[in-house]
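# Descriptive structure summary
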Amino acid sequence: MFTKVLIANRGEIAVRVIRACREAGLRTVAVFSEADRDALHVRLADEAHAIGPPPAAESYLAMDRLIEVARRSGAEAVHPGYGFLAENARFAEACLAAGLVFVGPPPEAIARMGDKPAARQAAIEAGVPVVPGTSEPVSSDAEAQRAARDLGYPVMIKAARGGGGKGMRLVATPAELPSALRLARSEAASAFGDAAVYLEKAIVDPRHVEIQVLADAHGDVVHLGERECSIQRRHQKLVEESPSVALDDRLRSEMGAAACRLVAAAGYQNAGTVEFLVDGSGRFYFLEVNTRLQVEHPVTELVTGIDLVREQLRLAAGEKLGYAQADVVARGWAIECRISAEDPAAGFVPSPGRVSTWRPPAGPWVRVDAGVYQGGEVPIHYDPLMAKLIVWGRDREAAVRRMSAALDEFGVGGVRTTIPFHRAVMRHPDFLAGRLSTGFVERAFAGGRGLPAPSPDRARVAAVVAALRARAQPPALPPASAVPSRWAMASRPGSGPPRR
Ligand code: MV4
């Protein structure tokens, strides 16, 4: 095992990795941009090095500077966290070339999974169901027209190098196809430097369910069950849970086995996530492989008892997995809410600034993974995620109650947060009934604008109308959903900065 790890990231995930390293007896090296001089990850690491100005391109994405800090500090391994360089095959390659262990999959596996048609091909070869689609990028309008007619409308145009919903277009009729293709191609070219697009049949209002896998360098692969991630807005996940109400034991082991086959066939190592769409009748389709630790990894940790970052470090060091599929037992239910400095009542606009109050909840089976502290800053330059609130309960109902109580207890001042949105989700009838799909936020929260949608209940309608009226005239009143407790008051409108 290596003894010193550079964490090429910031915020809550850098803190999470530092904790795992410390527990494992490893020294930690943090890096920071000028905007993060006083950040929590800088304070918690054994040493910290400046890497450049606030823009990520000149700091957290600057491969040469990161590798130079690793060399200077004597770090032997690099953990990329998520985002930034985590799925950049060239960075993984550069680490290896500099004699560093990259805590993630081999560069070849990152590159292959980043090429969507190649990843689909790998899935087909491993006997994993994929959404019907073209096996290659489409080269002409005529070819696309033929393919779309064969697949049947609606179809989805996707960038070959895309992922996470970028450069994706839904096409309902043949007449829309040519202009949609042009737009998708130009979007793909500017976002990924590659205009190639391919077609898939569109699955209407699916669930997003993903399988966590772990693979060692000795050929052993296990899966750690699923995460239900359907509650998202514009491809940003907001709430995740494990298990998923959509899966029974048979479907779970089928999807788990499919994910393991794909990973084994692709020569994959370390932690990874295989994403699937699940349609209304319980059919599942491979979507893509995320070759990184994911934001929502804690829900899997709470139900399986397996520390995923610890496992990543062990596997990167070449250790054997040391357990088999039958040894992985999921127990109870876990839910995660992403607590971001955003205003859900104003379309989730970022709300950066100084965190004047930070009073996180605590208690049995309540976990807060935070990257901020009271008096600290949420910089405008990066993702506004401040913390993740994760709870465990013996069943879904217990977990939901615990999450609601923990959200009520969470006091944040100085910035607006997604806490009021999460409180509304936790009592939404569709959420409580497990009626989830990728359209949930759009349906339940006024076109995804963050406000609870009016229900037939007259009292609720009245409350929403009152809240909307109040919003039109300063000073802003609490959203209709708020039943402010004393601590929660600290995070309510009035104690924050002016609405933008
Ligand atoms: C789809 C789809 C429906 N049909 N593909 C969005 C993110 C990217 N990973 C793939 N995505 C989708 N691909 C077909 N053939 C619907 C989505 C999708 C979605 C997927 C996961 C989570 C949220 C989503 C929200 C809208 C659309």
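For the structure itself, look to the data block above.
Residues numbered from 1 in each chain as written. Predicted model: local features only at pLDDT ≥ 70, side-chain atom pairs only at ≥ 80, totals over all residues. Heavy atoms only, no water.

The number of helices and strands found in the protein chain is 17 helices and 22 strands. Against the compact-globule benchmark of 23 Å for 500 residues, the protein chain has a radius of gyration of 23 Å, which places it among compact chains. Expressed as lengths along the three principal axes of its C-alpha atoms, the size of the protein chain is roughly 60 × 55 × 45 Å. Per-residue burial over the protein chain gives 56% buried out of 500 residues. For the protein chain, the share of sequence-separated contacts (at least 6 apart) that also reach a separation of at least 24 residues comes to 64%. With an accessible surface of roughly 20,500 Å², the protein chain has 53% of that area assigned to carbon and sulfur atoms. Between the mean site of the 61 positive side-chain charges and the mean site of the 57 negative ones, the protein chain shows a separation of 6 Å. (Helix = DSSP H or I, 4+ residues; strand = E, 2+ residues; numbered from the N terminus. Rg over C-alpha atoms; globule rule 2.2 N^0.38 Å. Buried < 20%, exposed > 50% of the residue type's maximum accessible area, 1.4 Å probe, protein only. Contact = heavy atoms within 4.5 Å. Areas by Shrake-Rupley, 256 points an atom, 1.4 Å probe, with all protein chains shown as cover. Lys, Arg positive; Asp, Glu negative; His and termini not counted. Charge placed at Lys NZ, Arg CZ, Asp CG, Glu CD.)

Residues in close proximity to the ligand total 18 residues, the closest being Lys158, Glu200, Lys201, Ile203 and Glu288. Note that a nitrogen atom of the ligand is positioned 2.7 Å from one of the backbone N or O atoms of Lys201. Separating a nitrogen atom of the ligand from a side-chain N or O atom of Glu288 is a distance of 3.0 Å. For the shell around the ligand, the secondary structure elements donating two or more residues are β6 (155-159), β8 (197-201), β12 (270-278) and β13 (284-290). Across the shell around the ligand, the residue classes break down as seven nonpolar, six polar and five charged. (Near = heavy atom within 4 Å. Polar contact = N/O pair within 3.5 Å; in protein donor to acceptor, adjacent residues only side chain to side chain. Nonpolar A, V, L, I, M, F, W, Y, C, P; charged D, E, K, R; others polar.)

The strands that make up a sheet pair up through hydrogen bonds in the backbone, lying either parallel or antiparallel. The strand order β7-β6-β8 describes an open sheet built from three strands, whose pairing is antiparallel. Single-partner strands in this sheet number two, and they are β7 (169-171) and β8. Going from strand to strand, the sheet's axes swing by 30° on average, the running direction of each strand aside. Summarising the sheet, β6 and β7 pair through three bridges and their orientation is antiparallel. Bridge assignment links Ile157 to a residue of β7, and that residue is Arg169. Relative to β6, helix α8 (residues 177-192) is tilted by about 25°, and along the sheet it contacts β6, β7 and β8. (Pairing = 2+ DSSP bridges. Axes fitted to C-alpha atoms, helices over the stretch in contact; angles between N-to-C directions.)

Turning to the packing of helix α7 (residues 141-151) against α8, a few remarks are in order. Between α7 and α8, whose axes approach to 10 Å, the crossing angle comes to 115°. Between α7 and α8, the angle is such that the two are roughly perpendicular. For α7 against α8, the interelement crossing comes out right-handed. Of α8, the residues touching α7 (which contributes Asp141, Ala144, Gln145 and Ala148) are Leu177, Pro178, Leu181 and Arg185. Classifying every residue of the contact of α7 with α8 gives five nonpolar, one polar and two charged. (Parallel < 35°, antiparallel > 145°, perpendicular 65-115°, else oblique. Left-handed = near helix turned anticlockwise from the far one by under 90°.)

Our next topic: helix α5 (residues 107-114). Listed in full, the buried residues belonging to α5 are Pro107, Ala109, Ile110 and Met113. For α5, the angular spread of the buried residues around the axis is 165°, confining them to a single face. Taken together, the buried residues of α5 touch α4 (89-97), β5 (101-102), α6 (116-125) and β13. (Arc of directions from axis to C-beta.)

Spatial strand order, β13-β12-β9-β10-β11-β14-β21-β19: eight strands in an open sheet with antiparallel pairing. Both edges of this open sheet fall to β13 and β19 (366-370), since each of them pairs with a single strand only. Across the sheet, the mean angle separating the axes of adjacent strands is 25° when strand polarity is ignored. In the sheet, strand β11 (residues 236-242) pairs with strand β14 (residues 333-340) via four bridges, with the strands oriented antiparallel. Residue pairing in the sheet places Ser242 in a bridge with Ala334 of β14. Contacts between helix α1 (residues 11-23) and the sheet are confined to β19 and β21 (385-393), with β19 contributing the most and set at about 110° to the helix.

What follows is about unusual backbone geometry. In the segment running from Tyr153 into Pro154, the intervening peptide bond is cis, with an omega of -5°. Here Pro154 is to be found in the loop between α7 and β6. For the bond from Ser242 to Pro243, the omega torsion is 0°, close enough to zero to count as cis. Structurally, Pro243 is set in the loop between β11 and α9 (249-265).

All right, on to the nonpolar core then. One finds Ile335, Met386, Met426 and Phe431 to be the most contacted residues of the largest nonpolar core, which totals 38 residues. A per-element tally of this core places helix α12 (residues 396-409) first, with five residues. Contacts of Met426, omitting those with residues within four sequence positions, involve Val239, Ile335, Cys337, Val400, Met403, Ser404, Leu407, Phe431 and Leu432. (Core = buried A, V, L, I, M, F, W, Y, C linked by side-chain atoms within 4.5 Å.)

All told, the structure shown has 37 salt bridges when counted by the stated rule. Across the salt bridge formed by Lys4 and Glu47, the nearest N and O atoms sit 2.6 Å from each other. Of this pair, Lys4 sits in strand β1 (residues 4-7) while Glu47 sits in strand β3 (residues 47-52), and the two are 43 residues apart along the sequence. Residue Glu47 is classed as partly exposed on the basis of its relative accessible area, which comes to 22%. Beyond isolated ion pairs, a larger network of salt bridges with shared partners links Glu210, Arg227, Lys237, Glu240, Glu296 and Arg338. (Salt bridge = Lys/Arg side-chain N within 4 Å of Asp/Glu carboxyl O.)

This model, assessed by the stated rule, comprises zero disulfides. Cysteine Cys337 remains unbridged, with the sulfur of Cys229 as its closest cysteine sulfur at 13 Å. (Disulfide = S-S within 2.5 Å.)

Here we come to the packing of aromatic side chains. The description of an aromatic ring pair rests on the distance of the ring centres and on the angle between the ring planes. Across all of its chains, the model carries 10 aromatic pairs by this definition. Taking 6.2 Å as the distance between ring centres and 85° as the angle between the ring planes, the aromatic pair formed by Phe91 and Phe102 counts as edge-to-face. Residue Phe91 is located in helix α4, and its partner Phe102 is located in strand β5; the two are separated by 11 residues in the primary sequence. Note on Phe102: relative accessible area 5%, which makes it buried. Ring centres 6.0 Å apart and planes at 45° place the aromatic pair Trp365 and Trp392 in the tilted group. Within this pair, whereas Trp365 is found in the loop between β18 (357-359) and β19, its partner Trp392 is found in strand β21, the two being separated by 27 residues in sequence. Trp392 gets classed as buried once you look at its relative accessible area, which sits at 9%. One cation-aromatic arrangement involves Arg396 over Phe431; the distance from NZ or CZ to the ring centre is 4.5 Å. (Phe/Tyr/Trp six-rings, centres within 6.5 Å; stacked < 30°, edge-to-face > 60°. Lys NZ or Arg CZ within 6 Å of the ring centre and 35° of its normal.)

Note that every value here comes from positions in space, so none of it alone points to a role or purpose.
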